[in-house]
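# Remarks on the overall topology
Here are the chains, one letter per residue:
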Amino acid sequence: MRVLIVEDEPYMAEAIRDGLRLEAIASDIAGDGDTALELLGLNSYDLAVLDRDIPGPSGDEVAAHIVSSGRGIPILMLTAADRLDDKASGFELGADDYLTKPFELRELVLRLRALDRRRGQLRPPVRELAGIRLDPFRREVFRDGRYVALTRKQFAVLEVLLSAEGGVVSAEELLERAWDENADPFTNAVRITVSALRKRLGEPWLIATVPGVGYRIDADLAEAAPR
C-alpha cells in the first residue's frame, strides 16, 4: 500500500510516515497543495491522507482534484475542527473518512486498512498463486501450507509480484510501489530484497528474473540457484 500524506506540520507528517513505515505502508509527504497535486500527477497512490488547512491549494481543492480524476483513491481527511458542519462539508467534497486531531497513530492505521479493504472489495482479499498464499490483512504468507516469515519490504515486494499474476514487474515499479519517494532510483535494494525473498520462500525457486525487464512469479521455474 502506498499513501500520500498531505500535512503542513513537518513533525506530524514525519511521525505519521515513520509510524506507517512500521506497518509496511509506504508513504510520501506533501507539505502544501501544489506539492500534493504534483505528486498525484507523478505517482500512483492507494490512499490519501489530507489536512484541510494547508498552504497553496487547500486540502478541499486537492480532494476535489482526486475525486474529479476518477482514479478512485479513497480520502481520509485530518482536521483540528470537530464540528459536524466541518465534517459534513468534507464528506460532501468526497472524503471517505474523517479523523480529528489529535489522534492515535494506531487508529489512523486501522482506518487506512479499512479504507483499503473497502477499495479492494472487488478483488480477492487473499492472493494465491503457485502455492503461495498471501493475506494482506493478517500480513501472513504461506507456501504450500508452510508459514513463511518475511520482513516488511519482502512482504511488500511479494505482494506486488503476486498482484501481477505471473506478469513481469520491473525493478522501477517495485521501487515505486514498495518503497517511498526517498528511495534512490539507482539503489540495488530491489535486487537484494528479491534475492532474500527467494531464499525465504525456499526451493524450488518461484521468482524468475527476466533479464533487462524485471521479475515475475513462475510456477514452472526449474530448480536453480537464484540469479
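Residues numbered from 1 in each chain as written. Predicted model: local features only at pLDDT ≥ 70, side-chain atom pairs only at ≥ 80, totals over all residues. Heavy atoms only, no water.

In the annotation of an unreviewed UniProt entry, the chain is listed under the name DNA-binding response regulator and assigned to Cnuibacter physcomitrellae.

Core analysis: the largest hydrophobic core is formed by 25 residues, its most contacted members being Val-141, Val-157, Leu-158, Leu-161, Leu-174, Leu-201 and Ile-207. If you list the elements that add at least two residues to this core, you get β7 (132–135), α6 (152–163), α7 (171–178), α8 (189–201) and β11 (214–217). Here this core gets 7 residues from one element, more than from any other, and that element is α6. Once residues lying within four places of it in the same chain are set aside, the contact partners of Leu-161 are Gly-166, Val-169, Leu-174, Ile-207, Tyr-215, Arg-216 and Ile-217. (Core = buried A, V, L, I, M, F, W, Y, C linked by side-chain atoms within 4.5 Å. Buried < 20%, exposed > 50% of the residue type's maximum accessible area, 1.4 Å probe, protein only. Helix = DSSP H or I, 4+ residues; strand = E, 2+ residues; numbered from the N terminus. Contact = heavy atoms within 4.5 Å.)

For the rest of this paragraph, the subject is the sheet that holds strand β5 (residues 97–100). By way of backbone hydrogen bonds, the strands of a sheet pair with one another, either parallel or antiparallel. Taken together, 5 strands build an open sheet; the order of strands is β2-β1-β3-β4-β5 and the sheet is parallel. A strand with exactly one partner marks an edge of an open sheet, and here the two such strands are β2 (26–30) and β5. Each strand axis lies, on average, 20° off the axis of its neighbour in the sheet, ignoring direction. Where strand β4 (residues 75–79) lies against β5, 4 bridges are found, and the strand directions are parallel. Its bridge partner being in β5, Met-77 is matched across the sheet by Tyr-98. Across the sheet, helix α2 (residues 33–42) lies against β1 (2–6) and β2, angled at about 140° from β2, the strand it touches most. (Pairing = 2+ DSSP bridges. Axes fitted to C-alpha atoms, helices over the stretch in contact; angles between N-to-C directions.)

Scanning the entire structure with this criterion turns up 13 salt bridges. We note a salt bridge from Glu-173 to Arg-177, for which the minimum N-O separation is 3.1 Å. In this pair, Glu-173 and Arg-177 are both assigned in helix α7, 4 residues apart and thus about one turn of the helix distant. Take Glu-173: its relative accessible area is 30%, and that puts it in the partly exposed class. A relative accessible area of 37% places Arg-177 in the partly exposed class. Bridged by salt links that share partners, the residues Glu-7, Glu-9, Asp-51 and Lys-101 form one connected network. (Salt bridge = Lys/Arg side-chain N within 4 Å of Asp/Glu carboxyl O.)

As summarised here, the arrangement of the 4 strands in space is β6-β7-β8-β9, forming an open sheet in which the pairing is antiparallel. If you trace the sheet from one side to the other, it starts and ends with β6 (127–129) and β9 (146–147), each paired once. As paired elements, β6 and β7 share 3 bridges and run antiparallel to each other. Residue pairing across strands places Glu-128 opposite Arg-133, the latter belonging to β7. Along the sheet, α6 makes contact with β6, β7 and β8 (140–143), crossing β7 at roughly 115°.

Gly-33, Ala-36, Leu-39 and Leu-40 are the residues of α2 that are buried. Considered in projection along α2, the buried side chains sweep an arc of 125° and stay on one side of the axis. Counted as exposed and oriented over 90 degrees from the buried face of α2: Glu-38, Gly-41 and Leu-42. In the core, the buried residues of α2 are packed alongside β1, β2 and α3 (59–69). Between a side-chain oxygen at the N-terminus of α2 and the backbone nitrogen of Asp-34 the separation is 3.1 Å; the capping residue is Asp-32. (Arc of directions from axis to C-beta. Polar contact = N/O pair within 3.5 Å; in protein donor to acceptor, adjacent residues only side chain to side chain.)

A few words now on the pairing of β11. Pairing of strand β10 (residues 207–210) with β11 involves 4 bridges; the strand directions are antiparallel. Note that in β11 the partner of Ala-208 across the bridge is Arg-216.

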